[in-house]
Amino acid sequence: MSIAIRRVTLWERIAENRTVLSIVFMAPAAVLLLLFLTYPLGLGIWLGFTDTKIGRVGHFIGIENYISLLGDSIFMLSVFNTVLYTTVATVIKFILGLWLALLLNRHMPFKSIIRAVILLPYIVPTVLSAIAFWWIFDSQFSIISWALTKIGLIDSYIEFLGEPNHARASVIAANIWRGIPFVAICLLAGLQTISPSLYEAAALDGATAWQRFRFVTVPNLLPVLSIVLTFSILFTFTDFQLIYAITRGGPANATHLMATLAFQRGINGGALGEGAAIAVAMIPFLILSTALCYFGLQRQKWQQGN
């Protein structure tokens, strides 16, 4: 009795090939990334080397845009503002976010409700938060100035957004308020992955609370810290909505970040090539910060013997 052997078709071989299936399933996401990320990035880099203006096709001018930016005092001020804004806001967000995460990791009543309330600043649209802070820092209707005046600590209202240093501190405070929930919730998730037995063993060995935090919490939380730090730096460095809605870069360009200056020069000013060059100039800073965070993560793996 003969048994007929069915030949496997080409389509069946393709359907059983995991590599091909992976490519097929990843193709839609790859196309979206290509259209909405890769193409705009490539176009922005190209525009940075041209003198393109709105309504006029530009010509290739090499690095002239970047050379002119090095002598632009407003651009250099925006670089200083961006670095200051990112550094101060990120450090304070991490200190307060870590403290809040440690607090929420304890057993307390209504912990779920407290977590939901803490997330509100991050859930609220950025523009709405910016408008609220714009009223809080208003020179005539500021609730902070009103309260301090009633208490008797000041005699006249504070110019939060009218004086350069006050304006810088105001927008940094707004960014900290908005960014703390993201840091706190992410670090809280990392804290809950640490085994309680490690703390119990450390306590039995006579470790103090600070020693448990330093030798148990921090090493085990460092991978999460590195990832959250990377995202926090990226979000803060490229912040646009908060600054533009509150100060629009004023007073006297004191709060202009590289992102807001790129928008002002490229869109409002019509100089697309110059605006693109300012935006592209942000990339080395972002790569450097990402590399530092990645190095911290790899160092943690090395410490664990991986």
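**Student:** I'd like a rundown of the overall build of the chain, residues and numbers included.
**Tutor:** Each helix and strand in the chain was counted, giving 14 helices and 0 strands. When the helices and strands of the chain are read in sequence order from the N terminus, they spell out α-α-α-α-α-α-α-α-α-α-α-α-α-α. For 306 residues, the compact-globule formula gives about 19 Å, and the C-alpha radius of gyration of the chain, at 26 Å, lies well above that figure. When the backbone C-alpha atoms are referred to their principal axes, the chain occupies close to 105 × 70 × 35 Å. Put simply, the chain shows about 18,900 Å² of open surface, and 71% of that area lies on carbon and sulfur atoms. Within the chain, the 13 negative side-chain charges are centred at a point lying 11 Å from the centre of the 19 positive side-chain charges.

**Student:** Quick one: what's the story with empty space enclosed by the protein, residue by residue and with numbers?
**Tutor:** In this structure the tally under the stated criterion is 1 cavity of 30 Å³ or more. Along its surface, the largest cavity is lined by Asn81, Leu84, Tyr85, Arg168, Val171, Ile172, Ile243, Ala254, Thr255 and Leu257. Only helix 4 (73-104) and helix 8 (164-191) provide two or more residues apiece to the lining of the largest cavity. Split by residue class, the lining of the largest cavity holds 7 nonpolar, 2 polar and 1 charged.

Procedures and definitions
Residues numbered from 1 in each chain as written. Predicted model: local features only at pLDDT ≥ 70, side-chain atom pairs only at ≥ 80, totals over all residues. Heavy atoms only, no water. Helix = DSSP H or I, 4+ residues; strand = E, 2+ residues; numbered from the N terminus. Rg over C-alpha atoms; globule rule 2.2 N^0.38 Å. Areas by Shrake-Rupley, 256 points an atom, 1.4 Å probe, with all protein chains shown as cover. Lys, Arg positive; Asp, Glu negative; His and termini not counted. Charge placed at Lys NZ, Arg CZ, Asp CG, Glu CD. 1 Å grid on protein atoms, 1.4 Å probe; cavity = no way out; pocket = protein on both sides within 12 Å on 5 of 7 lines; lining within 4 Å. Points joined across faces, edges and corners; volume = space filled by probe spheres on them. Nonpolar A, V, L, I, M, F, W, Y, C, P; charged D, E, K, R; others polar.

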